[in-house]
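Commentary on secondary and tertiary structure
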Amino acid sequence: MSVGDQQGIAHDKPGTLSDLHDRLMQQHPDIEQESLIAAVLLMEPSVEDCAVFSRTHHKVAGTVARHPAEFVACVVNSGAFSADRFRSFLSERLPANLVPAHYLPLSRLPLQGDGRVDFASLKRLPILDDELIAAWEAVATQTPAVEQAAVMVKPTRLQTPAVHLSELLPHGHSLDPLSPQFATTIDEAPADVPPASTVMSLTYGGDLPTPAGFPQTLPEVLQQAAAKALGDRITHLEADGTIVQQSYAQLLAEAQCILTGLRQQGLKPQDKVIFQLELTQDIVAAFWGCVLGGFIPVIMGTAPSYREANNVVDKLCNVWRLIDEPLILTTQALQTSLQHLEQWLPGDAAPPSRLKISAIEDLRQNTPDPHPHPCQPDDLAFFNLTSGSTGMPKCIGLTHRNLITRAQGTNILCQHSPEDVILNWLPFDHIGSISDWHIRCVLLGCFLIYTTKEYVLGRPLNWIDLLHRYRISHSWAPNFAYALVNDSLKQDAEAKYPWDLSCVKGLLTAGEAVSSSAVEEFIDRLAVYGFPRTALRSAFGMAEMGSGITYYQPTIEKPVLRHVVDKASLTGDVPLRRVTPDHPNCSIFTDLGPVIPGISIRIVNGQNELLPEEMVGNLQVKGLPVSPGYYKNPTVNQEVFLADGWFQTGDLGFVSQDHLVITGRAKETIIINGANYYNHEIEAAVELVDQVEVSFTAACGVKAPGSATEKLAIFFNTAVEAEEDLAELLKTIRQTVVAKVGLNPDYLIPVAQGAVPKTAIGKIQRSQLSQRFEQGEFQDILKHMDLLLGNANTIPDWFFRQVWQPKQISTPVVSLGTTVTLIFEDGSGLGDQLQALLRREGGQCMAVMPGEGFTVLGNDTYAVNPTQPEDYHTLFQHLDEQNQRPTQILYLWGTGDAPLPVPDEPTPW
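Residues numbered from 1 in each chain as written. Predicted model: local features only at pLDDT ≥ 70, side-chain atom pairs only at ≥ 80, totals over all residues. Heavy atoms only, no water.

Turning to the packing of aromatic side chains, a few remarks are in order. This structure, assessed with the given rule, holds 22 aromatic pairs. Where Y482 meets F522, the ring centres are 4.9 Å apart and the plane angle is 80 degrees; that geometry is what we call edge-to-face. Of the two residues, Y482 sits in helix 17 (residues 479-491) while F522 sits in helix 18 (residues 516-526), which places them 40 residues apart along the sequence. Taken individually, Y482 and F522 each receive the classification buried, so the pair is uniform in this respect. For the ring pair F824 and Y891, a centre distance of 5.1 Å and an interplane angle of 55 degrees mean the geometry is tilted. Note that F824 is positioned in strand 34 (residues 820-824) and Y891 in strand 38 (residues 888-891), a separation of 67 residues in sequence. Assessed through its relative accessible area of 22%, Y891 is described here as partly exposed. (Phe/Tyr/Trp six-rings, centres within 6.5 Å; stacked < 30°, edge-to-face > 60°. Helix = DSSP H or I, 4+ residues; strand = E, 2+ residues; numbered from the N terminus. Buried < 20%, exposed > 50% of the residue type's maximum accessible area, 1.4 Å probe, protein only.)

With that settled, consider the environment of Q339. Residue placement: Q339 occurs in the loop between helix 11 (332-338) and strand 12 (357-359). Of the residues examined, Q339 reaches a relative accessible area of 34% and is grouped as partly exposed. With residues up to four places along the chain from it excluded, the contact list for Q339 reads L355 and I357. (Contact = heavy atoms within 4.5 Å.)

Once that is clear, we can look at the pairing of strand 7 (residues 232-237). In terms of residue burial, strand 7 counts as a mostly covered element, since five of its six residues are buried. The pairing of strand 7 with strand 8 (residues 243-247) spans five bridges and is classified as antiparallel. If you follow L237 over to strand 8, its bridge partner there is I243. Between strand 7 and the antiparallel strand that follows it, strand 8, lie five residues; G241 among them carries a positive phi value of about 95 degrees. Taken together, the three bridges between strand 7 and strand 16 (residues 447-450) define a ladder with parallel strand orientation. (Pairing = 2+ DSSP bridges.)

Read across the sheet, five strands follow the order 6-23-24-26-27 without closing on themselves; strand pairing throughout is antiparallel. At either margin of the open sheet sits one strand with a lone partner, and together these are strand 6 (202-204) and strand 27 (659-665). Looking at each pair of strands side by side, their axes are set apart by 40 degrees on average, direction ignored. Here three bridges tie strand 6 to strand 23 (residues 599-604), and the two strands are oriented antiparallel to one another. Bridged to L202 within strand 23 is R602. (Axes fitted to C-alpha atoms, helices over the stretch in contact; angles between N-to-C directions.)

What follows covers the pattern of salt bridges. Note that side chains of opposite charge can pair when their charged atoms are close. One pass over the structure, following the stated rule, counts 26 salt bridges. Of the charged contacts, one joins D324 and K632 as a salt bridge, the two residues approaching to 2.5 Å between their closest N and O atoms. Linking D324 in the loop between helix 10 (311-322) and strand 11 (327-330) with K632 in the loop between strand 25 (629-630) and helix 19 (634-640), this pair joins segments that are 308 residues apart in sequence. Given the relative accessible area of 40%, D324 is considered partly exposed. Among the charged side chains, a network of salt bridges with common partners joins E254, D282 and R364. (Salt bridge = Lys/Arg side-chain N within 4 Å of Asp/Glu carboxyl O.)

Before going further, it helps to spend a moment on the packing of helix 16 (residues 461-469) against helix 17. In contact at an axis separation of 9 Å, helix 16 and helix 17 are set at 95 degrees when each is read in the N-to-C sense. As the angle between them shows, helix 16 and helix 17 are arranged roughly perpendicular. In this structure, helix 16 uses L461, W463 and I464 to contact helix 17, whose residues at the interface are A481, Y482, V485, S488 and L489. Residue composition of the contact of helix 16 with helix 17, by class: seven nonpolar, one polar and no charged. (Parallel < 35°, antiparallel > 145°, perpendicular 65-115°, else oblique. Nonpolar A, V, L, I, M, F, W, Y, C, P; charged D, E, K, R; others polar.)

A word on helix 20 (residues 679-686). Each turn of an α-helix holds 3.6 residues, which means side chains three or four residues apart point in the same direction. Of all eight residues in helix 20, six are buried; the element is thus mostly enclosed. The complete set of buried residues in helix 20 reads N679, E681, I682, E683, A685 and V686.

Moving on to unusual backbone geometry. Outside of glycine, negative phi angles account for most residues, and trans bonds account for most peptide bonds. The phi dihedral of S547 is positive, around 115 degrees, even though this residue is not glycine. Mapped onto the fold, S547 is located in strand 20 (residues 547-551). Residues other than glycine seldom take positive phi values, yet N608 does so here, at roughly 60 degrees. With respect to the helices and strands, the residue N608 is situated in the loop between strand 23 and strand 24 (617-623). For N608, a relative accessible area of 35% translates into the label partly exposed.

Once that is clear, we can look at the side chain of H878. One can find H878 in helix 25 (residues 869-881). Not counting residues up to four positions away in its chain, the partners in contact with H878 are F854, V856 and Y862.

Now the structure itself:
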């Protein structure tokens, strides 16, 4: 006898409830109440499977207590489990006495050998209700010395062990693959002994023209722009939404006011001025105010706090001391905070009264001074600090001639014009922003759009929005920014943006190693918005030569040019050996283009002897843009500025058909996101942690397989052995490096002291560690660290082996109306059985078979080509015209032995 027979079915709800029950009983007059409840529960969209049983008693503290019968629903559902949602759903469709009292979440229903639901196992599952709680309390109170006990029910999370992704991915599969996309590669059949080139690695960009009246100093550059480029051509987009527009004439007048104020401060030509300014309009105006007076500006980023020690404060104090305790130019908002620098100045520094700080708002209030200092082309124009470093950086002096000739050469090679509209969002303390994306552009008098890095890095697609909104023709970013845009577009692949990017003529990728896969994906993803295939330009430059000196000129045939070579031929003592991208020992480098007019480059060996093309060696640069040297650093100047005028860049590379290709750094600095980080500074930060053994720490730049971008690996030694303590130490090291250096390490690798290679005098040989890392020597340690931390390279080890098990359909199909089912047949007979079952329940069925194209085979039978998305669209259009739009789709292709057909594009289903 069923529960319904015992209690009777009371139709206590009108309307749809009674109609639903009557229909169910008409379709299945002999249905058990448990099956009826399960049939209705399966109508809830999130329920994938369910079974219902009734219970009339259970044990409480060793006795049997009788209770009214109640139903228990065991539910397999998608998404978050919610008993209240199921209870509410059933209450609207069943009488109150048929709504289950309890709901148990399951990953699947247990089955017996014949495929029937194993209700005996389901009934053994604990049900967390008041009586079970009372049973536990009763057991607890029977324990000696326990007078009272209260049991509380709360969710608990089991700690699932992790499994490393390397154990799950196919053999040899990389987590960071280098996708070939559509780049042009220079591939030749590998040769055992490649012939040496007869062309030497020496290339010259040609002479610079000397037109009459061409400016020779920076004040002349701004004066000519103010006279010729009329109207508002400069736009500042600040973080708070403020938009400031001005003409070149207004910029000149503002700079002249600041010049007056600086002269009133007692500054003389060649005096230095440190900037602590945040707004782009402040930085640009202050820069030109200094230039007009012959003062030397030093642009530095502002500190997060001047009360507490941090790498920006350290750098600021050291630079202030190095360049003779200059004036600090800031804003009224920061003026008071900067007074706290006094506590961080060197011990023998000047007393607080000599810390000179001025606010730019006060300087702007002055009357313009129309009389600039009579600068000479070889006078120092400004200092740029070595990028990304902390502690004591090097001050690179750049003259008026350096900056103007580099700008002129770049404009000639890249065919820039006064009608260009440029966008810069990188900070002005970077040489690229102040030189290539300001001084060069002022020389043309073109349109300038400036915003902040926070606006773009907070949402990378803001960069693309600005390209569209302001019809930008040229912009730039390091390689990592292109990867950020790609990731943002991947996250919402279905989104459609109102972009028209046909205006873009050139996007520069420079400042760090160029990954061809990132820029190729960028082109591919934005092509739908009209982004030209020839718009990406890779380049090479340094602060010591005023920014970029080589620029790749893309063509339709070669939008990105890659060089694929055997790693074994990168030693510099043999010609390069060209291989294909699938070669197991290949390296891929992006072509950086020819040099600009006024510049020569060459590749030499360790004895400064010229090498043939297609051989790796030391890159040296010569020409008018090259800096005269580092300020107060004769030792380094003697090392890198050679007697015959060549500058030793510290880079390794080769020349191929007069184009430059960089293969790495000769010295051990690490380039991350376009900034140089010094190994010893990172190591010093790590060794501040108590449990790290001093003198066995090495910070190294490493490259993952197939990647051109450097990552930071930190090797260290510790006596900590316990797993829990080691995990905490790893977190402490990471936090320390982030706080002290502003860089998050990619790899933390504990090693034995003997594993750290040193020279006879104790110098750590970092290059050996980098090579061993890239050869996979530390993979086991890295895997162990990943599992210890449970990071993104692991997932919980909860996998089960998939097996097929027969299952009997015990819950009847409930039809509340005509269903139209579209079945993609797999030919195994399963589709035929489903059609018969559905039609028996009053539903309509249509079948789709694999074929060569869309075909109407007969009544309610069709064929489509599984790999052609347009066939699916045609099928659904035809069904719409026949008023046969399906209410459900059963896709059986791929469920049998045949592989799942995958269309090249998304389909409607």
